Amino acid sequence: MAATIEKVDGRRARGLRTRDAIVSALLDLISEGDIAPTAQRIADRARVSVRSVYQHYVDVEGLYAHGAERMFEWVRMTAPQIDETLPLERRLDLFVTDRTTVLESLMPFHRAIRLMEPSCDTVREHRAAMDKWHKERVARVFGHELRAADGPSRGALHCALDSLSSTECWEHLRNSGQSPRSARQVVRAGMLGLLHGGVEHPTA
């Protein structure tokens, strides 16, 4: 009985290692600029057969969903804790440096994910969860400034800070010719201006 359990556990462990290798291969290829790799290229990189890819993932959407989950977990686990009692500019420097470094590294992956979003509910859910997590992080890091804003403008300020540090803003800056360094400076300057001046609530 013990030998049978050990055999089953060993087979399960090998299966998990194969799944991990397949997802890692997908992410590696995407990071190198191949945002829509074929099953053959994924199999070659993972050093498994194409049959193994389809045994573990019945469709490409499932594979990308697992990749999205992996990247979301990585972003959450590597995000530094920023002390809310630090001076504003120090908090901002820490936040912007981390956020823009992550956004730059994830640019190829975000392009790949957008190809899957129209047809894969799970991928869309992971993307929405990541966006929600980021917005909540903005609220924590800049909570003092947001609480100091008057009620009507607080939501607008939060939204503006979230937008300036979003994937879409970063890709717009990079695609318009800004280097990572200059794009980071734009994000920092924009957020600092908002945090110092707040956002005026529009009048009717």
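Treat the numbers as computed from the prediction; the structure is a model and nothing was measured.

Cut-offs and rules
- Residues numbered from 1 in each chain as written.
- Predicted model: local features only at pLDDT ≥ 70, side-chain atom pairs only at ≥ 80, totals over all residues.
- Heavy atoms only, no water.
- Helix = DSSP H or I, 4+ residues; strand = E, 2+ residues; numbered from the N terminus.
- Rg over C-alpha atoms; globule rule 2.2 N^0.38 Å.
- Buried < 20%, exposed > 50% of the residue type's maximum accessible area, 1.4 Å probe, protein only.
- Contact = heavy atoms within 4.5 Å.
- Areas by Shrake-Rupley, 256 points an atom, 1.4 Å probe, with all protein chains shown as cover.
- Lys, Arg positive; Asp, Glu negative; His and termini not counted.
- Charge placed at Lys NZ, Arg CZ, Asp CG, Glu CD.
- Salt bridge = Lys/Arg side-chain N within 4 Å of Asp/Glu carboxyl O.
- pLDDT = per-residue confidence, 0-100.
- Phe/Tyr/Trp six-rings, centres within 6.5 Å; stacked < 30°, edge-to-face > 60°.
- Core = buried A, V, L, I, M, F, W, Y, C linked by side-chain atoms within 4.5 Å.
- Axes fitted to C-alpha atoms, helices over the stretch in contact; angles between N-to-C directions.
- Parallel < 35°, antiparallel > 145°, perpendicular 65-115°, else oblique.
- Left-handed = near helix turned anticlockwise from the far one by under 90°.

## Considerations on the overall build of the protein
Then, number 1: Along its length, the protein carries 10 helices and 0 strands.
Then, number 2: Taking 17 Å as the expected radius of gyration for a compact globule of 204 residues, we find that the protein reaches 21 Å, considerably beyond that expectation.
Then, number 3: Relative to its 204 residues, the protein shows a buried fraction of 39%.
Then, number 4: In the protein, 70% of the contacts between residues at least 6 apart in sequence involve partners at least 24 apart.
Then, number 5: Surface exposure of the protein reaches about 11600 Å², of which carbon and sulfur atoms provide 54%.
Then, number 6: The average position of the 29 basic charges and that of the 28 acidic charges among the side chains of the protein differ by 4 Å.

## Looking at the pattern of salt bridges
Then, number 1: Scanning the model with the defined rule gives 15 salt bridges in all.
Then, number 2: The closest approach of N and O atoms between D20 and R70, which form a salt bridge, is 2.8 Å. Placement of the pair is D20 in helix α1 (residues 2-31) and R70 in helix α4 (residues 60-78), with a sequence separation of 50 residues.
Then, number 3: In this structure R70 comes out as partly exposed when scored by relative accessible area, which is 27%.
Then, number 4: Note that E168 and R127 form a salt bridge whose closest N and O atoms lie 2.6 Å from each other. Within this pair, whereas E168 is found in helix α9 (residues 167-175), its partner R127 is found in helix α6 (residues 121-141), the two being separated by 41 residues in sequence.

## Some thoughts on the environment of H172
Then, number 1: With respect to the helices and strands, H172 occurs in helix α9.
Then, number 2: Linking H172 and A183, residues 11 residues apart in sequence, is a C-alpha distance of 9.4 Å.

## Some points on the confidence of the model for the protein
Then, number 1: The share of residues in the protein with pLDDT of 70 or more is 90%, and the mean pLDDT across the chain is 88.
Then, number 2: Mean pLDDT across the elements of the protein bottoms out in α1 (75) and peaks in α9 (96).
Then, number 3: When the criterion is pLDDT under 50, residues 199-204 qualifies, and its contacts beyond four places in sequence or with other chains add up to 6 contacts.

## Some thoughts on the packing of aromatic side chains
Then, number 1: A full pass over the atoms with the stated rule returns 1 aromatic pair.
Then, number 2: Between the aromatic rings of F95 and F142, the centroid separation amounts to 5.3 Å while the plane-to-plane angle is 75 degrees, which identifies the pairing as edge-to-face. Here the residue F95 occupies a position in helix α5 (residues 88-116), and F142 occupies one in the loop between α6 and α7 (143-148), the gap between them amounting to 47 residues.
Then, number 3: According to the relative accessible area criterion, F95 is buried, its value standing at 0%.

## Let's talk about α9
Then, number 1: Turning to α9, its buried residues are T167, C169, W170, E171 and L173.
Then, number 2: Buried residues along α9 sit in contact with α5, α6, α8 (151-164) and α10 (180-197).

## Examining the nonpolar core
The nonpolar side chains of a soluble globular protein tend to be buried, and buried together.
Then, number 1: Judged by nonpolar contacts, the single largest core of 30 residues is most densely connected at I22, I42, L63, Y64, F109 and V123.
Then, number 2: Mapped by element, the contributors of at least two residues to this core are α1, α2 (39-46), α4, α5 and α6.
Then, number 3: The next biggest cluster of nonpolar side chains, apart from the first, holds 23 residues, and it includes L146, A183, L192 and L194.

## What to know about the packing of α6 against α8
Then, number 1: It is at 10 Å that the axes of α6 and α8 come closest, and there the two elements cross at 120 degrees. By the angle between their directions, the pair α6 and α8 is classed as oblique. α8 is crossed by α6, and the crossing has right-handed handedness. From α6, H134, K135, V138 and A139 reach across to α8, where they touch H158, L161 and D162.

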